[in-house]
Structure formats: structure tokens, C-alpha cells
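Residues per chain are reported as follows:
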Amino acid sequence: MRILSGIQPSGTPHLGNYFGMMKPAIELQERGEAFYFIADLHALTTVRDAGVLRDNVRNLALDFLACGLDPAKAVFFRQSDVPQVAELAWILSTVTPMGLLERCHSFKDKMARGLPASHGLFSYPVLMAADILLYDSDLVPVGKDQKQHLEVTRDIAAKVNEIYGEVFKLPEPCIREDGAVVPGVDGAKMSKSYENTIEMFAPEKALRKKVMGIKTDSTPVEEPKPVEGSVILDLYKLVASPSEVGAMIEGFQAGGTGYGDFKKRLFDAVWSHFEPMRRRREELAADPGYVDKVLAEGAGRALEAAEKVIDRVRRAVGLR
Ligand code: ADP
Ligand code: TRP
């Protein structure tokens, strides 16, 4: 079984990225042949500073490796190291109906936020389809927000098969519907675009500030606090043991403890949850050649897999 997923180097990864995408992907590397990549071509739609993009790629690679991505188990590579993906995206774009892309929420959301409507932003899902189809992927673990992009991928693949015969296998999404959305400090979905993120590898002071800044209601200290919909509790559940969570729920219900105390407990739990990964990250970062070496090896293996598929596609459409 081939598992594939990608993440954009468009900023610093946060708890939403970790629990929604990175952690499930790392768990899945045990269950099949995993291909994970850094979507730098996609990031060009929003990052317009070459130095920032380079730094983001290196930092994201370190983050992912520190969190447990094992290059001995998963092929870990940079999207742009396999230029065949751009060729495939072009071929796919020739059969992709405009209407399919016009319906995509992510494009509409970005327009609504006032981002300039570039062609790259519009055709983003075609490049994503190419990412997935170029590696004959079976399973694609992503957060809920990517569900529509996977449907688009399947539609495009089916269209190619309809026109040219059985070229692609249709990938299955792997979306954890259960509480898959990690809330940000304001209670909305945690996202780089909403400035409500908590970065797991932020320095201690900055991380504490983020956690202490979580918005809460104005229940007085002595009164019981609502458990339902509490961002503090929802985040605590991700990083604390069941008994610690039980104790915090009791604390909420009993009254007599202020939100500040619960936030301190949450900070401690986040800090210690990521402690081993933070240490690992420091070790990996100390070896200047490590990331380049891992990504170069990954690129070699990814190229090999991609060559087979692109060759099949070129023949099917008549380019060879
Ligand atoms: P952002 O919204 O911060 O820009 P991305 O769109 O780059 O994040 O998402 C990268 C991956 O992380 C995707 O698979 C996405 O589904 C997942 N993800 C992002 N935010 C969350 C969240 N708050 N909860 C769960 N998963 C998330
Ligand atoms: N669009 C995805 C995101 O923003 C990243 C991505 C690009 C991806 N290509 C992919 C995810 C292929 C899975 C498979 O999160």
C-alpha cells in the first residue's frame, strides 16, 4: 500500500498541523510504503521571498524529522526535486473542467480574504492531483479541509481514465472525522491564516505567552466552568494523560480555580509533550548536512517511482 501526503512550507507548523497531519502521517509510515513531501511548489502561491521559502523548507524538514518521520521507513522529499510533477499537472489541466476548480472552497476562501487571484492559486488542486497520481498513491492522510481537493483528484483521474483508458488508480482519502479540527487560541480552527496558532517548537517564553493568551469566557474564579467547547480542555486532551484530563474536568466543574491556573497546566503539558521532540530537533539541527542528505536520498527514490508513472502517462496521451 502506498501512502502519500504533503505539507506546504508556508510558515511554522503548529499544533493543528501536528495533530491533524504530521502525527497521523508518522503513525502510517509503519503500515505501508510512505511518501511524504514538502510542497514547495504549492507554497510559491503565497510565499514570495526566496530566502524565507528556503528557510521554511529546512525548518519544516527538521520539524517533521524531529516529530518522528523516519527516513528509513518513509521516502521524504521536496516536491520540486521531482519536476515531472509539473509536467503531469499540465497534462491533467488539459482535461480538468474549469467548473471543478471554480467550486473549490480553498480558492473561494483565499479570494474572500483578499489574496490576489493568481492562476497558481486557482489551479492549486490540479498540482495537488498531480502530486497524488504521480506516485500511484493508495491512501492520502490529510485534515478535513483537504477533503474537496481529494475529490477533485479522483474526478480528474477518472476523467483521464475515461479518455485514455486505465492510466491511474483512484486514491482513497484518509480523513479522521473524529475531532480532527484542532482549535486555535480564539476558538476558531487553528490556522496560519487566522493568527491563532500555537507552534509546538516555539521558545518557552513565546509558547507560554500563546497559551496564556487563549480566549476564555468571563466565568468568575469561584464558579464552575463550562467543559463543552473549552479550547483549554480540547488542547489539553491532545497532550495530557486521561487521568490528567479527568482531573482538569473535575477542576472545571468544581469551581474555585481560575482559567489562568488551567492554562498554566496546559502550558506544562504542551511543553513536556514536545520535550523529547524538541531535544531531537536540536540534535538534528546541529548537523548541518543532515536535512540535505535526507532530502537528496528521498528525491532519488521519489524520482524513480515518478519516472514509471510519467512514462505510462506520456505513452497513454501520445507524447511518446
Ligand atoms: P494552515 O491552515 O495553518 O495554513 P495548512 O493548510 O498548511 O495549515 O495545513 C497543513 C496540514 O495540516 C493539512 O493536512 C491540514 O488539514 C492540517 N491542519 C491544519 N490546521 C489544522 C487544524 N486546526 N486541525 C487539524 N488539522 C489541521
Ligand atoms: N494542499 C495541502 C495542504 O495545504 C498540501 C498538499 C499538496 C498535499 N499536495 C498534496 C497533501 C498532496 C496531500 C497530498 O495541506
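Everything numeric in this text was worked out from a predicted model, so none of it was measured. Each residue is numbered by its place in its chain's sequence as written, counting from 1. In the order they appear in the text, chains get letters beginning with A and ligands get numbers beginning with 1. Totals for whole chains, interfaces and linings use all residues, but because this is a predicted model, local features are given only for residues with pLDDT of at least 70 and pairs of side-chain atoms are given and counted only at 80 or more. Neither water nor hydrogens contribute to the side-chain values; these are computed over all heavy atoms in the structure.

**A few points about the site of ligand 2**
Link 1 in the chain: Distances are taken per atom, and a residue is near a molecule or strand as soon as one of its heavy atoms is within 4 Å of it. Of all residues adjacent to ligand 2, which total 14 residues, the nearest are Gln8, Tyr124, Met128, Asp131 and Gln146.
Link 2 in the chain: Taking Gln8, its side chain carries an N or O atom lying 3.3 Å from an oxygen atom of ligand 2.
Link 3 in the chain: For the area figures, the Shrake-Rupley method with a 1.4 Å probe applies, and any residue is considered shielded solely by the protein chains shown. Protein coverage of the free-state accessible area of ligand 2, which is 370 Å², stands at 90%.
Link 4 in the chain: The helix and strand labels rest on DSSP assignments: H or I over at least four residues marks a helix, E over at least two residues marks a strand, and numbering proceeds from the N terminus. Among the elements of the structure, strand 1 (2–7) and helix 7 (119–133) are those that each provide at least two residues to the shell around ligand 2.
Link 5 in the chain: Element by element, the count of residues in the shell around ligand 2 is highest for helix 7, at four residues.
Link 6 in the chain: All residues other than Ala, Val, Leu, Ile, Met, Phe, Trp, Tyr, Cys, Pro, Asp, Glu, Lys and Arg, Gly among them, are scored as polar; the first ten of these are nonpolar and the last four charged. A breakdown of the residues in the shell around ligand 2 according to their chemical character gives eight nonpolar, five polar and one charged. The definition of a polar contact used here is a pair of N or O atoms within 3.5 Å, where within protein one atom must be able to donate a hydrogen and the other to accept one, and adjacent residues in sequence count solely through side-chain atom pairs.

**Section: helix 12 (residues 259–273)**
Link 1 in the chain: Taking 1.5 Å as the rise per residue, helix 12 with 15 residues should run 21 Å; its terminal C-alpha atoms sit 21 Å apart, in good agreement.
Link 2 in the chain: Buried residues are those whose accessible area, probed at 1.4 Å on protein chains only, stays under 20% of the maximum for their type, while exposed residues exceed 50% and partly exposed ones sit between those limits. Within helix 12, burial applies to Tyr259, Phe262, Lys263, Leu266, Phe267, Ala269, Val270 and Trp271.
Link 3 in the chain: Here, two residues are considered to be in contact whenever any of their heavy atoms come within 4.5 Å of each other. Residues of helix 12 that are buried make contact with helix 9 (204–212), helix 10 (231–239), helix 11 (242–254) and helix 13 (275–286). To estimate how far a helix should extend, the number of its residues minus one is multiplied by 1.5 Å.

**Digging into the packing of aromatic side chains**
Link 1 in the chain: Two rings from Phe, Tyr or Trp (for Trp, the six-membered ring) form a pair when their centres sit within 6.5 Å of each other. Planes less than 30 degrees apart are called stacked, planes more than 60 degrees apart edge-to-face, and all others tilted. Counted by the stated rule, this structure contains 14 aromatic pairs.
Link 2 in the chain: A ring pair is formed by Phe35 and Phe77, whose centres lie 6.4 Å apart and whose planes are at 80 degrees; its orientation type is edge-to-face. Of this pair, Phe35 sits in strand 2 (residues 33–38) while Phe77 sits in strand 3 (residues 74–78), and the two are 42 residues apart along the sequence. Judged on exposure class, the residue Phe35 and its partner Phe77 are both buried.
Link 3 in the chain: Aromatic side chains Tyr36 and Phe64 sit 6.3 Å apart centroid to centroid with 10 degrees between the ring planes, which places their arrangement in the stacked category. Highlighted residues: Tyr36 in strand 2 and Phe64 in helix 3 (residues 50–66), separated in sequence by 28 residues. Each member of the pair, Tyr36 together with Phe64, is buried.

**Overview of the state of the cysteines**
Link 1 in the chain: Throughout, a disulfide means two cysteine sulfur atoms within 2.5 Å of one another. Evaluated as defined, the whole model comprises zero disulfides.
Link 2 in the chain: With no disulfide of its own, Cys67 lies 18 Å from the sulfur of Cys174, the closest cysteine sulfur.

**Some points on the pairing of strand 2**
Link 1 in the chain: Burial runs high along strand 2: five of the six residues are buried.
Link 2 in the chain: Bridge count for strand 1 against strand 2 is six bridges, and the pairing is parallel. Note on strand 2: the bridge partner recorded for Leu4 is Phe35.
Link 3 in the chain: Look down the strands so they point away from you; if going from the first strand over the helix to the second traces a clockwise path, that crossover is right-handed. Where the polypeptide runs from strand 1 across helix 1 (residues 15–28) and back to strand 2, its parallel neighbour, the crossover connection is right-handed.
Link 4 in the chain: Two strands pair under a simple rule: DSSP has to find at least two bridges between them. Alignment of strand 2 against strand 3, held across five bridges, turns out to be parallel. Counted as the bridge partner of Ile38 is Arg78 from strand 3.

**Some points on the domain arrangement of the chain**
Link 1 in the chain: In this entry, domain limits derive from an automatic or database-based domain assignment. Each assigned domain of the chain is listed with its residue range as follows: domain 1 (2–181 + 289–317) and domain 2 (202–273).
Link 2 in the chain: Averaged C-alpha coordinates put domain 1 and domain 2 at centres separated by 35 Å.

**A short note on the pattern of salt bridges**
Link 1 in the chain: In what follows, salt bridge is the name for a side-chain nitrogen of Lys or Arg lying within 4 Å of a carboxyl oxygen of Asp or Glu. In the structure shown here, the tally under the stated rule is 18 salt bridges.
Link 2 in the chain: Between Glu27 and Lys23 there is a salt bridge whose closest N-O contact spans 3.5 Å. Taken together, the residues span about one helical turn, with Glu27 and Lys23 both in helix 1 at a distance of four residues.
Link 3 in the chain: Judged by relative accessible area, which is 43%, Glu27 ranks as partly exposed.
Link 4 in the chain: In this structure, the salt-bridge partner of Arg208 is Glu204, at a minimum N-O distance of 3.2 Å.

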